[in-house]
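# Geometric and topological summary
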Amino acid sequence: MTHESFAAGMRAAVPVVLGYLGIGIAAGVVERAAGLSYAEVLLLSTVLYAGSAQFVVTSMLSLASPASAIVLTVFFLNLRHLLLSAALAPGLRGVPAWKNALLGLQLTDETFVVASGRRPLSPAWMAGLNLAAWSAWAVANLAGAALSGAARDTRTLAFALPAMFAGLLVLQARIQPRLREALGVALFSGAAGAGIQIAAPGPGAVIGATVLGATLGLALERWKSGPKSSR
Amino acid sequence: MEVRPEILALVLGCALVTALPRVLPLVALSRLELPPWLADWMRYVPIAVLAALLAIELLSAGAAGLPAIMAAFAVAAATRSLLGSVIAGVAIYWLLN
């Protein structure tokens, strides 16, 4: 366990905070437009706190989907966090379970990527990162709700999400010890994700592409570092 | 400024099924020593998940999506700035639409 401070975690969150301001405003705009009150927007953004899931909840609510179908879709959509949470676990060994539980509650794709380059992780640092991102997300959702009447172009604002994924992908590639394998994994997972999404749209595409991609990465790495004796 | 009971129940249900996969592995696996192959496999998870999320977003982003993402990649590679890459991506996307 290291002792990097809460404040250092908040500083590390700055790029995520700025990205969340764009995406969170877009989320707030569509949530309010779907008929949610300010209090409901605040509830959704602080308690669910999951960008893509909030877009899904909002669009399913406008389609009058049953609550059971919405909860099930969100479950599958957010199952990918199993992989992220598991990947952070070795960096937080020896940390009390209740602290890890609280840190895990606020795990997102973006905070994961910022944290995943660091090992061991400091719980205080991680809490700073989490709370900064979480607060920014709530503020941005409320700001979006307030702007909802005026905003027309949520599509452009929402492009902050893929643009942030692109930036995170580059930052993640830079810290990979095996760059060629990592680039192969990225290309393959992207193609697999798009392919699965076209063939069978749904939250399974991200999970499927992630499992296939990480397996390919491991296979490439093992195959290069020493030929297997048995085939 | 009110929360309808059915929305409260819906958000709590969604939050519960979101919290479980976020919390359980972190609590359980931080107690164990992972086998080396699993630790190596997990090193590729972030890059794989990001590439998949990005590709799926691009499917619905229209023709302007790809050039805008190329700009975001270029800025991120040149500056290492996440913010810069978000601004570049959104700006190019806006210009091309």
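### What about helix 6 (residues 81-88) of chain A?
The element helix 6 of chain A is largely enclosed, with a buried count of 7 among its 8 residues. Among all positions in helix 6 of chain A, only H81, L83, L84, S85, A86, A87 and L88 of chain A are buried.

### Looking at the confidence of the model for chain B
The predicted model of chain B has a mean per-residue pLDDT of 91, with 99% of residues at 70 or higher. The ipTM for the predicted assembly is 0.86, set against a pTM of 0.78.

### Considerations on the packing of helix 3 (residues 38-48) of chain A against helix 4 (residues 51-62) of chain A
All names here are of chain A. Packing of helix 3 against helix 4 brings their axes to within 10 Å, and their N-to-C directions diverge by 140°. The angle between helix 3 and helix 4 falls in the class oblique. Crossing handedness for the pair helix 3 and helix 4: right-handed. Contact residues: L44, S45 and L48 in helix 3; A53, Q54 and V57 in helix 4. When its residues are assigned to classes, the contact of helix 3 with helix 4 shows 4 nonpolar, 2 polar and no charged.

### A word on the interface of chain A and chain B
On the chain B side, the residues contacting the 84 residues of chain A number 62 residues. Ranked by residues supplied to the side of chain A that touches chain B, first place goes to helix 11 (residues 160-174) of chain A with 14 residues. Counted by class, the side of chain A that touches chain B contains 58 nonpolar, 21 polar and 5 charged residues.

### Digging into the packing of helix 6 of chain A against helix 1 (residues 5-29) of chain B
In the contact formed by helix 6 of chain A and helix 1 of chain B, the axes pass within 7 Å of each other and the chain directions differ by 30°. The orientation of helix 6 of chain A relative to helix 1 of chain B falls into the category roughly parallel. In this structure, helix 6 of chain A crosses over helix 1 of chain B, and the sense of that crossing is right-handed. Judged by residue contacts, H81, L82, S85, A86 and L88 of chain A of helix 6 of chain A engage P21, R22, V23, P25, L26 and L29 of chain B from helix 1 of chain B. In the contact of helix 6 of chain A with helix 1 of chain B, the residues fall into 8 nonpolar, 2 polar and 1 charged.

Rules of the game
- Residues numbered from 1 in each chain as written.
- Chains lettered and ligands numbered in written order.
- Predicted model: local features only at pLDDT ≥ 70, side-chain atom pairs only at ≥ 80, totals over all residues.
- Buried ≥ 20, exposed ≤ 12 C-beta atoms within 10 Å, placed from the backbone.
- Helix = DSSP H or I, 4+ residues; strand = E, 2+ residues; numbered from the N terminus.
- pLDDT = per-residue confidence, 0-100.
- Axes fitted to C-alpha atoms, helices over the stretch in contact; angles between N-to-C directions.
- Parallel < 35°, antiparallel > 145°, perpendicular 65-115°, else oblique.
- Left-handed = near helix turned anticlockwise from the far one by under 90°.
- Contact = placed C-beta atoms within 7 Å.
- Nonpolar A, V, L, I, M, F, W, Y, C, P; charged D, E, K, R; others polar.

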